[in-house]
Structure formats: C-alpha cells, structure tokens
Amino acid sequence: MSLPHAILTALLEKPSSGLELTRRFDRSIGFFWPATHQQIYRELGRLEASGQIRALRPEAPVRGQKKEYEVLPEGRAELARWTAEGAAPRAVREPLLLRLRAAAVVGTDGLAAELERHLALHREQLADYREIERRDFPAERADEENRLQHAVLRAGIGLESFWVQWLAETLDTLPAEPSRPAGPSDAPRACDPSDRP
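Now for a look at the structure at hand.

1. Some remarks on the overall build of the protein
Link 1 in the chain: Across its full length, the protein holds 7 helices and 3 strands.
Link 2 in the chain: Ordered by position from N to C terminus, the α and β elements of the protein give α-β-α-α-β-β-α-α-α-α.
Link 3 in the chain: Relative to its 197 residues, the protein shows a buried fraction of 29%.
Link 4 in the chain: Relative to all contacts within the protein whose residues are 6 or more apart in sequence, the contacts with residues 24 or more apart total 61%.
Link 5 in the chain: Carbon together with sulfur atoms contributes 54% to the accessible area of the protein, which is approximately 14,100 Å² in total.

The following block contains the structure:
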C-alpha cells in the first residue's frame with residue numbers, strides 16, 4: 001500500500017480537509033499505514049497536481065477556511081487499478097527480532113526490560129482495537145457492518161494478539177539473571193605457581 005492510495009480511499013469515503021485527514025489517519029488508517037501531517041499535505045498537493053483530486057469550492061469565501069478535497073474520476077480509476085493489482089507479501093523487518101538474534105551472541109542484558117516495554121505497548125494497542133470493534137462492529141449490527149473494514153480491524157487484532165502471546169512466551173524463556181556468553185577472559189587460567197599458598 002502507498003500513501004496516495006490511502007488518501008484516495010479516505011477521500012472517497014468522505015471528502016475532507018488535510019487536517020481532517022490527519023485526524024482520520026490517527027483514528028483508523030494510521031493503525032496500518034501511518035503518515036505524518038506533513039506527508040499527508042505533501043501528497044494532497046501531488047494528487048491535486050496530477051488531476052486525481054480537487055479542492056471543493058466553498059459555498060461562501062471565508063478567511064482561513066480549510067480546503068476540502070474530493071476524488072476525481074482519474075483518482076477513482078487509479079485506486080481501482082491499484083486495488084486489482086497483484087503484490088507479493090512483504091518481508092517482515094522487525095528490529096526487535098534482530099535484537100533477539102544479537103542477544104544470543106552478546107548476552108541478554110537489558111533485553112527483559114525491552115521485551116516488557118513492547119509487551120505493554122502491544123497490550124495497549126490490542127485493547128484499543130478491541131474497543132473499536134466493540135464500538136463500531138457490535139454483534140447486533142452484524143448485517144449492517146462494512147465487512148471489509150471489519151476484516152482489516154480483525155487482522156490488527158490478530159497481529160496484536162500474536163505479539164502479546166509471543167512476547168509473554170519469550171520473556172518466560174529468558175534467564176532470571178542477565179547473562180553474557182563466556183569470553184576469552186572467562187576461560188579457566190592455567191595454574192600459576194605464585195597462586196599457591
């Protein structure tokens with residue numbers, strides 16, 4: 001996925017200003033495709049210049065009014081083309097997994113605290129996702145829900161559930177005391193005659 005396609009999707013759902021888009025990214029799209037305020041505004045400019053979106057004309061000129069954008073047919077066509085396009089799954093690039101590999105070589109000093117920090121963050125994110133699901137996709141409205149949006153949310157819940165379980169299990173495998181592999185200075189010394197009483 002790319003930011004222009006995320007913005008086109010959001011604008012097709014509801015014409016919005018840059019500030020409104022930023023807020024919507026913070027509340028939903030940003031969970032799986034984060035973007036900064038500056039990135040969103042820069043991309044809005046590019047999409048407008050390419051003829052895929054346009055700024056809506058205000059009903060009456062108001063000083064300091066935010067520009068609202070809507071998607072043009074060319075933008076909708078691009079989003080439809082991209083949606084139908086095939087793509088290979090992306091390789092996972094997670095620094096925490098590389099840190100674990102490194103800890104196997106240099107020792108686990110400080111690793112437990114880092115794993116606990118990640119566990120707390122993933123538990124918090126999982127709680128947020130479950131609250132969104134409870135609020136936006138209640139069982140009594142199952143026939144009315146947007147099933148594809150719910151599928152995206154369920155993917156987030158599944159990923160966060162995986163991380164919570166994996167981190168808890170990995171913490172349980174760490175040694176109780178910080179450790180480091182034995183190095184040359186830890187090798188037993190040959191007996192030195194001056195050591196004898």
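2. Topic: the packing of helix H2 (residues 18-27) against helix H3 (residues 37-49)
Link 1 in the chain: Taken N-terminus to C-terminus, the directions of H2 and H3 make an angle of 130°; their axes are 10 Å apart at the nearest point. With respect to H3, the axis of H2 lies oblique. With respect to the hand of their crossing, H2 and H3 are arranged in right-handed fashion. Seen from H2, the contacting residues are Gly18, Leu19, Leu21, Thr22 and Phe25; seen from H3, they are His37, Ile40, Tyr41 and Leu44.
Link 2 in the chain: Class assignment of the residues belonging to the contact of H2 with H3 gives a composition of 6 nonpolar, 3 polar and no charged.

3. Considering the pattern of salt bridges
Link 1 in the chain: This structure, assessed with the given rule, holds 10 salt bridges.
Link 2 in the chain: Across the pair Arg54 and Glu70 runs a salt bridge whose closest N-O atoms are separated by 2.5 Å. Taken together, the residues Arg54 in strand S2 (residues 53-55) and Glu70 in strand S3 (residues 68-71) connect sequence positions 16 residues apart.
Link 3 in the chain: For Arg117, the salt bridge goes to Glu114, with nearest N and O atoms at 2.9 Å. With Arg117 and Glu114 both in helix H6 (residues 111-136) and 3 residues apart, this pair spans about one turn of that helix.
Link 4 in the chain: For Arg117, a relative accessible area of 44% corresponds to the partly exposed category.
Link 5 in the chain: Ionic contacts of the salt-bridge type, sharing partners, join the residues Glu78, Arg81 and Glu85 into one network.

4. Observations concerning the pairing of S3
Link 1 in the chain: Here strand S1 (residues 16-17) pairs with S3 via 2 bridges, running antiparallel. Its bridge partner lying in S3, Ser16 is registered against Tyr69.
Link 2 in the chain: Relative to S3, S2 is paired through 3 bridges, and the arrangement is antiparallel. Within S3, the position partnered with Arg54 by the bridge is Glu70.

5. Concerning the sheet that holds S2
Strand pairing within a sheet occurs via backbone hydrogen bonds; the two strands may be parallel or antiparallel.
Link 1 in the chain: Pairing in this open sheet of 3 strands is antiparallel, and the strands run S1-S3-S2 from one edge to the other. Every other strand in the sheet has two partners, leaving S1 and S2 as the edge strands with one partner each.
Link 2 in the chain: The strands touched by helix H1 (residues 3-13) are S1, S2 and S3; relative to S3, the strand with the most contacts, the crossing angle is about 100°.

Quick notes on the rules
- Residues numbered from 1 in each chain as written.
- Predicted model: local features only at pLDDT ≥ 70, side-chain atom pairs only at ≥ 80, totals over all residues.
- Heavy atoms only, no water.
- Helix = DSSP H or I, 4+ residues; strand = E, 2+ residues; numbered from the N terminus.
- Buried < 20%, exposed > 50% of the residue type's maximum accessible area, 1.4 Å probe, protein only.
- Contact = heavy atoms within 4.5 Å.
- Areas by Shrake-Rupley, 256 points an atom, 1.4 Å probe, with all protein chains shown as cover.
- Axes fitted to C-alpha atoms, helices over the stretch in contact; angles between N-to-C directions.
- Parallel < 35°, antiparallel > 145°, perpendicular 65-115°, else oblique.
- Left-handed = near helix turned anticlockwise from the far one by under 90°.
- Nonpolar A, V, L, I, M, F, W, Y, C, P; charged D, E, K, R; others polar.
- Salt bridge = Lys/Arg side-chain N within 4 Å of Asp/Glu carboxyl O.
- Pairing = 2+ DSSP bridges.

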